[in-house]
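# Results of the structural survey
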Amino acid sequence: KNEVEQSPQNLTAQEGEFITINCSYSVGISALHWLQQHPGGGIVSLFMLSSGKKKHGRLIATINIQEKHSSLHITASHPRDSAVYICAATTGNQFYFGTGTSLTVIP
Amino acid sequence: DGGITQSPKYLFRKEGQNVTLSCEQNLNHDAMYWYRQDPGQGLRLIYYSQIVNDFQKGDIAEGYSVSREKKESFPLTVTSAQKNPTAFYLCASSIWGTGTGAPNSPLHFGNGTRLTVT
């Protein structure tokens, strides 16, 4: 069983749609990271959060510590948002990665 | 601009040869990490370094070696002892680490090196 589970595994959306990617974890965490991996392979850190909600442009990340669940939302999706989104949880002495959600946004 | 540079982007080697992957950062970060990514799997930690001249094994260190002689540089050598070396390798850094392989500040990644061993 993976300590970090993401859903869905694959997601296709029309441009402009509101997108939600989910991350559930089974360990007690000190922080949760959302990462974006571009088709070329490079990874960008989007958010690191330990409570509540963070927003950056069209991206919003939320976390519910009690339910051990985090969501990444993309508003007004655009084809340039097409990427793999990875959730990762830090326990303080371990770092667990999800297997990623592959998002394709169609014009 | 500050960032992490990995080179080369693609690397091809024959089985039995050692190969070294380069990772350089100009972010002045203390902690550096090497991850391996295989299709359908999450990133797995190979080695990490909290500080110059110190590094620790991660979850899959067998067949790999590293050095941290300078703060900016953390090269990874894939040795002939690594049974399945073909993979995508990512180097990352963070301002601080916990000393156990987990970052406690946002990670910065390089663009990766795709290694193919035949």
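Below is a short write-up of the structure. None of the values given here were measured: they were computed from a predicted structure. (Residues numbered from 1 in each chain as written. Chains lettered and ligands numbered in written order. Predicted model: local features only at pLDDT ≥ 70, side-chain atom pairs only at ≥ 80, totals over all residues. Heavy atoms only, no water.)

### Remarks on the overall build of chain A
Rules: Here a helix means four or more residues in a row that DSSP labels H or I, a strand means two or more in a row labelled E, and each is numbered from the N terminus. With C-alpha atoms as the basis for the radius of gyration, the globule rule is written as 2.2 Å multiplied by the number of residues raised to the power 0.38. Throughout, a contact is declared for two residues whenever any of their heavy atoms are within 4.5 Å. The charge count treats Lys and Arg as positive and Asp and Glu as negative. His and the chain ends do not count. Charged groups are reduced to one reference atom each: NZ for lysine, CZ for arginine, CG for aspartic acid, CD for glutamic acid.
Along its length, chain A carries zero helices and 11 strands. Helices (α) and strands (β) of chain A occur, in sequence order from the N terminus, as β-β-β-β-β-β-β-β-β-β-β. Computed over C-alpha atoms, the radius of gyration of chain A comes to 13 Å, within 12% of the 13 Å expected from 2.2 N^0.38 for 107 residues, which places it in the range of a compact globule. Its C-alpha atoms give chain A principal-axis dimensions of about 40 × 25 × 20 Å. Expressed as a percentage of contacts within chain A between residues at least 6 apart in sequence, the contacts between residues at least 24 apart total 53%. Separation of charge centres in chain A, based on 7 positive and 6 negative side chains, amounts to 9 Å.

### Things to note about the environment of K57(B)
Inspection of the secondary structure puts K57(B) in strand β6 (residues 54-57). Separated by 45 residues in the primary sequence, K57(B) and A102(B) have C-alpha atoms spaced 12 Å apart.

### Let's talk about the pattern of salt bridges
Applicable threshold: Here a salt bridge means any side-chain nitrogen of Lys or Arg lying within 4 Å of a carboxyl oxygen belonging to Asp or Glu. Relative accessibility decides the category of a residue: with a 1.4 Å probe and only protein chains considered, values under 20% of the type maximum give buried, values over 50% give exposed, and everything between is partly exposed.
Counting across every chain of the model gives four salt bridges over all chains. In this structure, D81(A) engages R58(A) in a salt bridge whose closest nitrogen and oxygen atoms are separated by 2.8 Å. A residue pair is termed long-range when its members are at least 10 positions apart, and D81(A) in the loop between β8 (69-74) and β9 (83-90) and R58(A) in the loop between β6 (52-56) and β7 (59-64) qualify at 23 residues. Take D81(A): its relative accessible area is 6%, and that puts it in the buried class. Assessed through its relative accessible area of 25%, R58(A) is described here as partly exposed. The partner of R36(B) in a salt bridge is D38(B), with the nearest N and O atoms 2.8 Å apart. Salt bridges here are not isolated pairs; linked through shared partners, they connect R36(B), D38(B) and R44(B).

### Considerations on the state of the cysteines
Residue and element names in this part refer to chain B. Threshold: By definition, disulfides here are pairs of cysteine sulfur atoms that lie within 2.5 Å.
In total, this model carries two disulfides over all chains according to the counting rule given. Residue pairing for C23: its cysteine sulfur links by disulfide to C91, the two sulfurs lying 1.9 Å apart. What sets the handedness of the C23 and C91 disulfide is the S-S torsion sign, and at about -70° it is left-handed. Taken as a pair, C23 in strand β3 (residues 19-25) and C91 in strand β9 (residues 87-94) lie far apart in primary sequence, 68 residues in all. Residue classification places C23 among the buried residues on the basis of a relative accessible area of 0%.

### What to know about the nonpolar core
As a reminder of what qualifies: Within this scheme, the nonpolar core is defined by two criteria: the residues are buried Ala, Val, Leu, Ile, Met, Phe, Trp, Tyr or Cys, and they are joined through side-chain atoms within 4.5 Å.
The biggest cluster of nonpolar side chains holds 24 residues, and the ones touching the most others in it are L32(A), W34(A), F47(A), L72(A) and Y85(A). If you list the elements that add at least two residues to this core, you get β3 (19-25), β4 (31-37), β5 (43-49), β7, β8, β9 and β11 (101-106) of chain A. With sequence-adjacent residues up to four places away left out, L72(A) is seen in contact with I19(A), T20(A), I21(A), W34(A), L46(A), F47(A), I60(A), A61(A) and Y85(A). Counting 20 residues, the second-largest nonpolar core is a separate cluster that includes A61(B), F74(B), L76(B) and V78(B).

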